[in-house]
Amino acid sequence: MTANAVLSPIPTPPHREPPPGVTAMVRMIRESFAVVEPYSEEVAKFFYGMLFSLSPATREMFPANMEVQRSRLLRALVHVVQMVDRPDDLIPFLRQLGRDHRKFGVINVHYEAVGTALLSAVKKFSGAAWTPKVEMAWAEAYTLMARAMQEAADADNGPAYWHATVLEHQRVSWDLAVVRLQPDHPVSYKAGQYVSVETPQRKRLWRYYTPANAPREDGVIEFHIRSVDGGWVSRSVVGHTQAGDTWRIGPPMGRLSVDRTAGTDILMVAGGTGVAPMHAMIDEMAQYGENPRVHLFYGGRTREDLYDLDNLQRIATTNPWLTVVPVLESDPGVRGVEQGSLADVVTRYGAWEERDVLVCGSPAMIRSTVSRMLVAGTPLDRIKYDPFTLD
């Protein structure tokens, strides 16, 4: 299923050549998908039309307006196609996605309908590139992906979602709000992970946000949410959420984390509200006396975008392992900050070869920053980032 799957393009290293281990199946999938990708809107419309015809019950899993959902389908496919030869990354992601989809009431028969609709859509727009071997490659790949999702969902004994009550809605600026919620039961997330949420103002429009605090004894979760142009959910949250509203929160996902026992120093790169997972991890680390060194580059267009800077700098004053570097793209009059894009500034400091690198922000920011770091010599296996959407 791709019901509101949270997926953004993975940055691709410049001049990337297919690794020797890429199989014929992977090559056929990528080559046929390259033919289909220019027709993304038509592919998505055909896919959902076929899915709802094969399994009418799935229509209730989606919002009435499918415009945003259709754009997400191709982002989901791009993400999976790019990871199809990286099972160590893809399988854990699919398992998380399978557990997350329990909140929709997905059952095995739905996966069958999705697979049939997907192959039909790719076939229709592949033209001569679609051959029996290509069809077999897609069918085999989808079977493996669906199996990973189903097995993870079947093995999960936790709740499919949690109810949470809004305790406070604080309007930080015209386009940014801090929302604090009290779940009915503690949500079992780790600092740095993200969760899906559904608000009463936007039923069936699930969106993914990252808690900005480490798990607390009282279970309270804090989200930092910025209104996005055309963002049905984010604009509603910023403008209309009220104390007492009941949200639904899906299972935690994501692989951003800090292993304090590994003995490896950390580089964090955050753009805008992408600072939320970094703040959560720093919040958790601040509970301990000894930590690896953490260098956080926190970027935005103007000083107003760095809404969490004062809080982070206060933490740094009492925790010498933390260094916070503010970065501004379009506010040259501000002192005490680095000027330029995050990609420019981070690589200006070097390649950071010996550090674990965590990156969070908009898809464009992640793509440009990771690409520049790879060019600068940062090892790809040192870099972690989660697929994310703006709304």
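This structure is a prediction, so every number in the text was calculated from the model and none was measured. Here the residue numbers are simple positions, counted from 1 along each chain's written sequence. With the structure being a predicted model, the display of local features is reserved for residues of pLDDT at least 70 and the display and counting of side-chain atom pairs for 80 or more, all residues being used for whole-chain, interface and lining totals. The basis for the side-chain values is all heavy atoms of the structure; hydrogens and waters are excluded.

### Describing the domain arrangement of the protein chain
- What marks off one domain from the next here is an automatic or database domain assignment. According to the domain assignment, the protein chain contains domain 1 (20-155), domain 2 (162-253) and domain 3 (265-385).
- For domain 1 versus domain 3, the distance between C-alpha centres works out to 34 Å.

### Describing the packing of helix H1 (residues 24-36) against helix H6 (residues 132-155)
- Interaxial angle, 0 to 180 degrees, is taken between N-to-C directions of lines fitted to C-alpha atoms, where a helix line uses only the stretch in contact. For the purposes of this entry, the term helix denotes a DSSP run of H or I that reaches at least four residues, the term strand denotes a run of E that reaches at least two, and both are numbered from the N terminus. Interhelical geometry of H1 versus H6 gives an angle of 105° and a closest axis separation of 9 Å. Viewed along their axes, H1 and H6 adopt a mutual orientation that is roughly perpendicular. Listed contacts from H6 to Met25, Met28, Ile29, Ser32 and Phe33 of H1 are Lys133, Val134, Ala137, Trp138, Glu140 and Ala141.
- Gly falls in the polar group here, along with every residue not listed as nonpolar (Ala, Val, Leu, Ile, Met, Phe, Trp, Tyr, Cys, Pro) or charged (Asp, Glu, Lys, Arg). Grouping the constituent residues of the contact of H1 with H6 by class yields eight nonpolar, one polar and two charged. Throughout, the term roughly parallel applies to angles under 35 degrees, roughly antiparallel to angles over 145, roughly perpendicular to angles from 65 to 115, and oblique to all others. Only heavy atoms matter for contacts: two residues are in contact if any of them lie within 4.5 Å across the pair.

### Topic: the UniProt feature "domain: FAD-binding FR-type" (unreviewed entry) in the protein chain
- Look at the UniProt record and you will see "domain: FAD-binding FR-type" (unreviewed entry) annotated at residues 159-259.
- In residues 159-259, helix accounts for 9% and strand for 37%; the two terminal C-alpha atoms are 27 Å from one another. UniProt positions are given in the numbering used here, feature names are shortened, and annotations may be inferred rather than shown by experiment.

### Some points on helix H5 (residues 108-126)
- Expected helix span is given by 1.5 Å per residue-to-residue step, counting one fewer step than there are residues. Between the first and last C-alpha of H5 there are 27 Å, a value that for 19 residues agrees with the 27 Å anticipated at 1.5 Å per step.
- Partly exposed residues are those whose accessible area sits between 20% and 50% of the maximum for their type, while under 20% is buried and over 50% is exposed, using a 1.4 Å probe and protein chains only. Taken as a whole, H5 has its buried residues at His110, Tyr111, Ala113, Val114, Gly115, Ala117, Leu118, Leu119, Ala121, Val122, Phe125 and Ser126.

### Describing the sheet that holds strand S11 (residues 356-360)
- Reading across from one edge, S10-S9-S8-S7-S11-S12 is the order of the six strands in this open sheet, with parallel pairing throughout. Two strands bound the open sheet, and with one partner strand each, they are strand S10 (338-339) and strand S12 (383-385). For two strands to pair, DSSP has to find at least two bridges joining them.

### A short note on the environment of Ala121
- Structurally, the position occupied by Ala121 is in helix H5.
- Among residues more than four places away in sequence, those in contact with Ala121 are Val43, Phe46 and Phe47.

### Let's talk about the packing of helix H2 (residues 40-54) against H5
- Close contact between H2 and H5 brings their axes to 8 Å; oriented N to C, the two are set at 145°. Here H2 and H5 pass one another in a crossing that is right-handed. Residues Glu42, Val43, Phe46, Phe47, Met50, Leu51 and Leu54 of H2 form the contact with H5, whose participating residues are Ala113, Val114, Thr116, Ala117, Leu118, Ser120, Ala121, Lys124 and Phe125.
- Residues that form the contact of H2 with H5 fall into these classes: twelve nonpolar, two polar and two charged. Two helices cross in a left-handed way if the nearer one is turned anticlockwise from the farther one by less than a right angle. They cross in a right-handed way if the turn is clockwise.

### Looking at the nonpolar core
- In terms of nonpolar packing, the biggest core is built from 47 residues, with Ile29, Phe47, Leu51, Leu94, Trp138 and Tyr142 touching the most fellow members.
- Listed by contribution, the elements that provide at least two residues to this core are H1, H2, helix H3 (67-83), helix H4 (87-100), H5 and H6.
- Both domain 1 (20-155) and domain 2 (162-253) contribute no fewer than three residues apiece to this core.
- Those residues in contact with Leu51, other than ones at most four positions away along the chain, are Thr58, Phe62, Ala113, Val114 and Ala117.
- Core analysis: the next-biggest nonpolar cluster, separate from the first, contains 30 residues, Met268, Ala270, Leu296 and Trp321 among them. Only buried residues count toward a nonpolar core, which is a set of Ala, Val, Leu, Ile, Met, Phe, Trp, Tyr and Cys residues joined through side-chain atoms within 4.5 Å.

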